[in-house]
Amino acid sequence: MVNTSVTLCGLQLDNPIIPASGTFGYGAEFAELYDINILGTFSFKGTTKEPRFGNPTPRIAECREGMLNSVGLQNPGVDEVCDTILPRMKKYFNKPVMANIGGFSIDEYVYCCEKASQAENVGLVELNISCPNVHGGGMSFGTSPESAARVTEAVRRICKKPLFVKLSPNVTDIAAIARACEDAGADGVSLINTLMGMRIDIRRRTPVLANKKGGFSGAAVFPVALRMVYDVYEAVKIPVIGMGGVTTVDDVIEMMMAGARAVEIGSANLTDPFVCKKIIEALPGRMEELGITSLADIVGAAH
Ligand code: SIN
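Residues numbered from 1 in each chain as written. Predicted model: local features only at pLDDT ≥ 70, side-chain atom pairs only at ≥ 80, totals over all residues. Heavy atoms only, no water.

**Q** What is the right way to read the pattern of salt bridges from this model?
**A** For side chains bearing opposite charge, pairing can occur when the charged atoms are close. The full count for this structure, using the stated rule, is 12 salt bridges. In this structure, D14 and K95 form a salt bridge, with 2.7 Å as the shortest nitrogen-oxygen distance. Of this pair, D14 sits in the loop between β2 (11-13) and β3 (17-19) while K95 sits in the loop between α2 (78-89) and β6 (97-101), and the two are 81 residues apart along the sequence. Exposure remark for D14: the relative accessible area of 44% places this residue in the partly exposed category. On the basis of relative accessible area, K95 is assigned to the buried category, the value being 15%. Beyond isolated ion pairs, a larger network of salt bridges with shared partners links D79, D83 and K115. (Salt bridge = Lys/Arg side-chain N within 4 Å of Asp/Glu carboxyl O. Helix = DSSP H or I, 4+ residues; strand = E, 2+ residues; numbered from the N terminus. Buried < 20%, exposed > 50% of the residue type's maximum accessible area, 1.4 Å probe, protein only.)

Written as structure tokens, this is what we have:
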């Protein structure tokens, strides 16, 4: 009997599989397809203080082995999430959820993280300082060690649950930013968010996305994400959650050997809504084939 459980800052997950923010909503639609209580947990849609409609359309572009999005943090606002959606979520998800929080100022991050982290069914907070699709917030906090540290420190003071900071790959040295977050009090880091990219419609001679540029994700980014998880694992002592292009059970195992204690799965949910279920079901058999008795033992095994 193999052991798929992992622990993140004292929170035990039945397995390391976590649908990534922005690809799973608040879970309700997926709960109609399968029992989502089989997941380790999931990270809900990036939530801000005010409700947001998001960016103009088109805001999705298909690419070879991936996709671009410029959604722009569409969400119903933290008050609606905490007062209505989280209580309702208890009916279809009985585990602690990960609250992904976006923002445009340190005050906004503080407000949202304080409120969300007080919710009974929030087990972890994921501070999104890496959204590439908004101006004056998001990624602008996550591209220098100093600003990443400032927002982490402010949020850590008020956050009632373990705080993971979600890092941007659109930087020269992601390890330096992870270290700054750790020094500022982060309990963990998650990486990578999307890589900035664009597509052009060659008939119209215009960018495909209304916002011109967007975040690239999907299978094509996996080796980049893996390398960054590997580098960050060596740079910090806090737990690392790995994500970026994960689509198969072997990708999960590879991510964990690079240093991830848990693994988020993003774009793959959009092409196959059952992908997380399939990976969870495949894990024990694949572990047996590879001689792995406990998944926790392979974290960082490739170092
Ligand atoms: C978005 O809503 O634009 C995506 C969120 C993100 O990339 O962090």
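Now that the structure has been shown, the text picks up again.
**Q** Looking at this structure, I do not really get the site of the ligand. What am I missing?
**A** With respect to spatial proximity, the complete set of residues near the ligand consists of K45, N69, V71, G72, L73, N128, C131, P132, N133 and N193. A distance of 2.7 Å separates an oxygen atom of the ligand from a polar atom in the backbone of L73. For the ligand, an oxygen atom lies 2.8 Å from a polar atom in the side chain of N128. Here the ligand has 260 Å² of accessible area as a free molecule, and 91% of this is covered by the chains. (Near = heavy atom within 4 Å. Polar contact = N/O pair within 3.5 Å; in protein donor to acceptor, adjacent residues only side chain to side chain. Areas by Shrake-Rupley, 256 points an atom, 1.4 Å probe, with all protein chains shown as cover.)

**Q** Would you mind showing me how to read the sheet that holds strand β14 (residues 240-243) here?
**A** For sheets, the rule is that strands pair by backbone hydrogen bonds, running either parallel or antiparallel. If you walk across this open sheet you meet the seven strands as β3-β15-β14-β9-β8-β7-β6, and the pairing is parallel. Sheet topology places β3 and β6 at the edges, where each strand pairs with a single neighbour. The mean angle between the axes of side-by-side strands here comes to 25°, regardless of whether they run parallel or antiparallel. Relative to strand β7 (residues 122-128), helix α3 (residues 106-117) is tilted by about 165°, and along the sheet it contacts β6 and β7. (Pairing = 2+ DSSP bridges. Axes fitted to C-alpha atoms, helices over the stretch in contact; angles between N-to-C directions. Contact = heavy atoms within 4.5 Å.)

**Q** Just checking my understanding: could you explain unusual backbone geometry for this structure?
**A** Negative phi is the rule for most residues except glycine; trans is the rule for most peptide bonds. Residues T57 and P58 are joined by a peptide bond in cis, for which omega reads 0°. For P58, the position within the fold is in the loop between α1 (28-31) and β4 (60-63). Looking along the chain, the bond that leaves L191 and enters I192 is cis, with omega of 10°. Within the secondary structure, I192 sits in the loop between β9 (188-191) and β10 (195-197). Located in the positive-phi region is E65, a residue other than glycine, with phi close to 60°. Mapping E65 onto the fold places it in the loop between β4 and β5 (66-69). What makes E65 exposed here is its relative accessible area of 58%.

**Q** What exactly am I supposed to notice about the packing of helix α7 (residues 222-235) against helix α8 (residues 249-258) here?
**A** Geometry of a packed helix pair, given as the angle between the helix axes and the separation of the axes. Contact geometry for α7 and α8: axes closest at 8 Å, N-to-C directions at 30°. Viewed along their axes, α7 and α8 adopt a mutual orientation that is roughly parallel. Together, F222, A225, L226, V229, Y230 and Y233 of α7 and D251, E254, M255 and A258 of α8 make up the contact between the two elements. Looking at the contact of α7 with α8 residue by residue, the classes come out as eight nonpolar, no polar and two charged. (Parallel < 35°, antiparallel > 145°, perpendicular 65-115°, else oblique. Nonpolar A, V, L, I, M, F, W, Y, C, P; charged D, E, K, R; others polar.)

**Q** Would you mind going over the pairing of strand β13 (residues 214-217) with me for this structure?
**A** In regular strands, side chains alternate between the two faces of the sheet. When β5 meets β13, the two strands line up antiparallel, connected through three bridges. Paired with N69 across the two strands is G215, which belongs to β13. Where β10 and β13 come together, three bridges link them in antiparallel fashion. The residue of β13 that forms the bridge with M196 is G215.

**Q** Mind showing me how you'd approach the packing of aromatic side chains here?
**A** Two descriptors summarise a pair of aromatic rings, namely the distance from one centre to the other and the angle between the planes of the rings. Under the counting rule described, the total for this entry stands at six aromatic pairs. Ring geometry for F24 against F42: centres 5.2 Å apart, planes inclined by 50°, an arrangement best described as tilted. Of this pair, F24 sits in the loop between β3 and α1 while F42 sits in the loop between α1 and β4, and the two are 18 residues apart along the sequence. You can call F24 buried: its relative accessible area is 1%. Note on F42: relative accessible area 0%, which makes it buried. Here a set of aromatic residues connected by ring pairs shows up, and it is made of F24, F30, F42 and F93. Directly above the aromatic system of Y111 lies the positively charged group of K49, at a separation of 4.5 Å from the ring centroid. Residue placement shows R59 over the ring face of F53; its charged tip is 5.8 Å from the ring centre. (Phe/Tyr/Trp six-rings, centres within 6.5 Å; stacked < 30°, edge-to-face > 60°. Lys NZ or Arg CZ within 6 Å of the ring centre and 35° of its normal.)

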